[in-house]
Amino acid sequence: VLCWFYIFPVYRLPRDKDIVEEVLRQGEAWQKNQTGIDHYRKLLTECCEPRKMFAVTKENSPMGKVLWYDGEFYHSRTVNNETYPLFVQENPLQLPLKKCAVVGNGGILRNSKCGRDIDQADFVLRCNLPPLSKDYVEDVGTKTHMVTANPSIVEKRFQNLLWSRKAFVDSMKVYGSSYIYMPAFSMKPGTDPSLRAYYALADTSSNLTMLFANPEFLRSVGQFWKGRGVHAKRLSTGLFLVSLALGLCEEVTAYGFWPFSVGLDEQPVSHHYYDNILPYKWFHAMPEEFVQLWQLHKSGTLRMRVGCCP
Ligand code: CDP
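Since the model is a prediction, treat every value here as computed from it, not as a measurement. (Residues numbered from 1 in each chain as written. Predicted model: local features only at pLDDT ≥ 70, side-chain atom pairs only at ≥ 80, totals over all residues. Heavy atoms only, no water.)

> I'd like to hear about helix 9 (residues 191-203), residue by residue, with values.
With 13 residues, helix 9 ought to run about 18 Å at 1.5 Å a step, and its terminal C-alpha atoms sit 18 Å apart, in line with that. Here helix 9 has its buried residues at Thr-191, Pro-193, Ser-194, Leu-195, Arg-196, Ala-197, Tyr-198, Ala-200 and Leu-201. In this structure, the buried residues of helix 9 make contact with strand 2 (76-78), helix 7 (151-157), helix 8 (166-171), strand 6 (179-182) and strand 7 (209-212). Positive backbone phi, approximately 50 degrees, marks Ser-205, located one or two places after helix 9. (Helix = DSSP H or I, 4+ residues; strand = E, 2+ residues; numbered from the N terminus. Expected span 1.5 Å × (residues − 1). Buried < 20%, exposed > 50% of the residue type's maximum accessible area, 1.4 Å probe, protein only. Contact = heavy atoms within 4.5 Å.)

> Any details on helix 3 (residues 34-48)? Residues and values, ideally.
Residue pairs spaced three or four apart in an α-helix point in one direction, given the helix's 3.6 residues per turn. Under the 1.5 Å per step criterion, the end-to-end length of helix 3 is 21 Å for 15 residues, consistent within 8% with the ideal 21 Å. In this fold, the buried residues of helix 3 make contact with helix 4 (50-53), helix 10 (215-226), helix 11 (237-248), strand 8 (249-255) and helix 12 (286-298). A positive phi of about 45 degrees marks Glu-49, the residue just after helix 3.

> How would you summarise the packing of helix 2 (residues 16-26) against helix 12 if you had to cite specific residues and measurements?
Two elements in contact, helix 2 and helix 12, have axes separated by 12 Å at closest approach and are oriented at 15 degrees. By the angle between their directions, the pair helix 2 and helix 12 is classed as roughly parallel. Of the two possible hands of crossing, helix 2 and helix 12 adopt the one that is left-handed. Here helix 2 contributes Ile-19, Glu-22, Val-23 and Gln-26 to the contact with helix 12, which in turn contributes Phe-290, Val-291, Trp-294, His-297 and Lys-298. Residue composition of the contact of helix 2 with helix 12, by class: 5 nonpolar, 2 polar and 2 charged. (Axes fitted to C-alpha atoms, helices over the stretch in contact; angles between N-to-C directions. Parallel < 35°, antiparallel > 145°, perpendicular 65-115°, else oblique. Left-handed = near helix turned anticlockwise from the far one by under 90°. Nonpolar A, V, L, I, M, F, W, Y, C, P; charged D, E, K, R; others polar.)

> So what about the pairing of strand 7? Which residues, and what values?
In regular strands, side chains alternate between the two faces of the sheet. Summarising the sheet, strand 6 and strand 7 pair through 4 bridges and their orientation is parallel. Bridge assignment links Met-182 to a residue of strand 7, and that residue is Phe-212. Running through helix 9, the crossover from strand 6 to the neighbouring parallel element strand 7 is right-handed. (Pairing = 2+ DSSP bridges. Right-handed = clockwise from strand over helix to strand, strands pointing away.)

> Talk me through the environment of Leu-244; I want residue IDs and the actual numbers.
The topology assignment puts Leu-244 in helix 11. Given a relative accessible area of 1%, Leu-244 falls into the buried group. Each C-alpha atom of the pair Leu-244 and Thr-148 lies 12 Å from the other, and the pair is 96 residues apart in sequence. Residue contacts for Leu-244: discarding those within four places in its chain leaves Pro-50, Phe-54, Leu-125, Met-146 and Phe-217.

> Outline the packing of aromatic side chains, supporting the account with residue identities and numerical values.
Overall, the coordinates contain 18 aromatic pairs when judged by the stated rule. An angle of 40 degrees between the planes, with centres 5.7 Å apart, marks the rings of Phe-54 and Tyr-181 as tilted. Linking Phe-54 in the loop between helix 4 and strand 1 (66-68) with Tyr-181 in strand 6, this pair joins segments that are 127 residues apart in sequence. Relative accessible area serves as the criterion here: at 1%, Phe-54 is assigned to the buried category. Ring pairing ties together the aromatic residues Tyr-69, Phe-87, Phe-185, Tyr-198, Tyr-199 and Phe-212, which thus form one cluster. Taking the ring centre of Tyr-84 as reference, the NZ or CZ of Lys-58 above it sits at 5.4 Å. Sitting over the ring of Phe-224, Arg-228 keeps its end group 3.9 Å from the ring centre. (Phe/Tyr/Trp six-rings, centres within 6.5 Å; stacked < 30°, edge-to-face > 60°. Lys NZ or Arg CZ within 6 Å of the ring centre and 35° of its normal.)

In structure tokens form, the structure reads like this:
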């Protein structure tokens, strides 16, 4: 079987150089395709029920419900008096959302001047508590309606919230009154920091609302993409958000998705718009994900912004 695999490889990812060339060939041309949008929303609704399931709510996770962690083998937590009161009643978003901007953290955003474009969206989703200081405003905008926070950020940047919570609460202020979306029930060590983040915000009457990502939703989205050739151990945060947006929004534009070290002008591009710290090599499969997103761009299902904004 192994030999057959080598003689007829089932799937080979194009080289980075070929992907860049393909993107250049396509250029800025893009045509919205309503049938494609409706089709994808239907597929995502069938597999993953984003409207009902994206967050842990009192409605989908009543007392006694067993939440199975999506990033662990056989680990669960039963909803009880301690956790139930922390959940929102039901999906709090006013649906459908109209124009959504999903902002990845790719270095391609640097000098893109996409800030105004992003801020014009009705709903802006960002990944991993990104910096929004004035140095970046022109390129990434200021508005946020939903931002993800990985528990590991809480651990690394804010001493796991075991000491002062002030730095955390203060640094959340740039996200205004948005939703903070945390995968509290994905990995065992992530639960306590997520619950502490909830209390840090609640106890200071913060304008942010905590939403815990529903592990059932995360697992089903992972399977959805696995069936489409994304072979990562875990999807990147950005692809989760794009999937969510395709399920909830009438129109989706993605910015800052470019996992390549060279830009369309053949100049080096940093990994993030704010630093050049690379991810663990085999954890995500961002180029593989990019190819999928680019297919959706070509079919008019979502729009990818990979160059400068007009
Ligand atoms: O934590 P993770 O590695 O998933 O994400 P990140 O580095 O904070 O970036 C947020 C998202 O932007 C990623 O999950 C990717 O989907 C996307 N990204 C990209 O496409 N190209 C890059 N060079 C960096 C990030």
